[in-house]
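# Fold and contact review
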Amino acid sequence: MKALIVALAVLGTSFIAKADGFVCTSESGLVLKVYNHTEAQKGTRSAAVMIVSNSGVGHGNKTIATFTDAKSTVSSYKQTYIGKVDLRVLESNRKGELIGGTKLGQLDMIILSVDFSYAAPLAHGQDVGATLTLQKRNGEELIEDVNCLRYLKN
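Cut-offs used in this document
Each residue is numbered by its place in its chain's sequence as written, counting from 1. Thresholds applied to this predicted model are a pLDDT of at least 70 for local features of residues and 80 or more for the giving and counting of side-chain atom pairs; totals over whole chains, interfaces and linings are not thresholded and use all residues. No hydrogens and no water enter the side-chain calculation; it runs on all heavy atoms of the structure. Helix numbering and strand numbering both begin at the N terminus, where a helix is a DSSP run of H or I of at least 4 residues and a strand a DSSP run of E of at least 2. Burial classes: relative accessible area under 20% of the type maximum marks a residue as buried, over 50% as exposed, and values in between as partly exposed (1.4 Å probe, protein chains only). Only heavy atoms enter the contact rule, under which two residues are in contact if any of them lie within 4.5 Å. Under the convention used here, a 1.4 Å probe and the Shrake-Rupley method define accessible areas, while residue burial counts only the protein chains that appear. One bridge is not enough; two strands pair if DSSP finds at least two bridges between them. Angles here are taken between N-to-C directions and fall from 0 to 180 degrees, while the axes themselves are lines fitted to C-alpha atoms, restricted in helices to the stretch in contact. What counts as a ring pair is set by centres within 6.5 Å for rings of Phe, Tyr and Trp (its six-membered ring), and what kind of pair is set by the plane angle: stacked under 30 degrees, edge-to-face over 60, tilted for all other angles.

### Digging into the overall build of the protein chain
Along the backbone of the protein chain there are one helix and 11 strands. Seen in sequence order, the protein chain has helices and strands lined up from the N terminus as α-β-β-β-β-β-β-β-β-β-β-β. Expressed as a percentage of the 154 residues in the protein chain, the buried residues total 34%. Taking the contacts inside the protein chain whose residues are at least 6 apart along the sequence as the reference set, 47% of them involve residues at least 24 apart. Summing over all exposed atoms, the protein chain offers an accessible surface of approximately 8,900 Å²; the carbon and sulfur share of this is 56%.

In structure tokens, the structure reads:
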């Protein structure tokens, strides 16, 4: 009986995904945090949330925008995360906030492409490069290299 309980516990924990994602910073002071889903039915390698903040702003006002899968404002393909700026959504409607030399209200998408593959996994806290693309509503793109740290909840 004891062996059966241990076996069930081991099997049960193998279906629980741990949180993973990236915490990225740019030279201009932007901080992007992207986290994947932890529920298998939603896809543990697909984006759940993207948080964009400014490290140079005072405490309590750092967050510029939050994009979530629940509100259909974040998506991902492999390790490219796309935040869709939707001024009708409370978490991304602060159109006057400065982000990467422009205002949030002028942006259509925030695209973070991380140089990472699950075929070559990284440990928690390891560095990886990435590219941040701020795509404006008028078609103009602002591109910046960013440095990311792998996030894995132990």
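Structure's up, so let's keep going.
### Thoughts on the sheet that holds strand 6 (residues 80-84)
Taken together, nine strands build an open sheet; the order of strands is 4-3-2-1-11-10-9-6-5 and the sheet is antiparallel. Strands at the two margins of the open sheet, each flanked by one partner only, are strand 4 (63-68) and strand 5 (74-77). With direction set aside, neighbouring strand axes in the sheet form an average angle of 20°.

### Digging into the packing of aromatic side chains
Tallied over the full model, the rule gives four aromatic pairs. A centroid spacing of 5.3 Å and a plane angle of 70° characterise the contact between Phe22 and Phe116, whose relative ring orientation is edge-to-face. Taken as a pair, Phe22 in strand 1 (residues 20-26) and Phe116 in the loop between strand 9 (107-114) and strand 10 (127-136) lie far apart in primary sequence, 94 residues in all. According to the relative accessible area criterion, Phe22 is buried, its value standing at 0%. Pairing Phe116 with Tyr118 gives two aromatic rings, centres 5.0 Å apart and planes at 80°, and the pair type is edge-to-face. Among the aromatic side chains, those forming a connected cluster through ring pairs are Phe22, Tyr81, Phe116 and Tyr118.

### Focus: the pairing of strand 10
Most of strand 10 is tucked away, with seven of its 10 residues classed as buried. When strand 10 meets strand 11 (residues 141-152), the two strands line up antiparallel, connected through nine bridges. By the bridge assignment for strand 11, Leu132 is matched with Glu144. Taking the residues that link successive antiparallel strands as the turn, the strand 10-strand 11 hairpin has four residues, and the phi of Gly139 there is positive, at about 95°.

### Examining unusual backbone geometry
Even without glycine at this site, Ser72 takes up a positive phi of about 60°. Its location among the elements puts Ser72 in the loop between strand 4 and strand 5. Although it is not a glycine, Lys78 adopts a positive phi angle of roughly 55°. For Lys78, the position within the fold is in the loop between strand 5 and strand 6.

Scope: geometric values only; no functional claims are made or implied.
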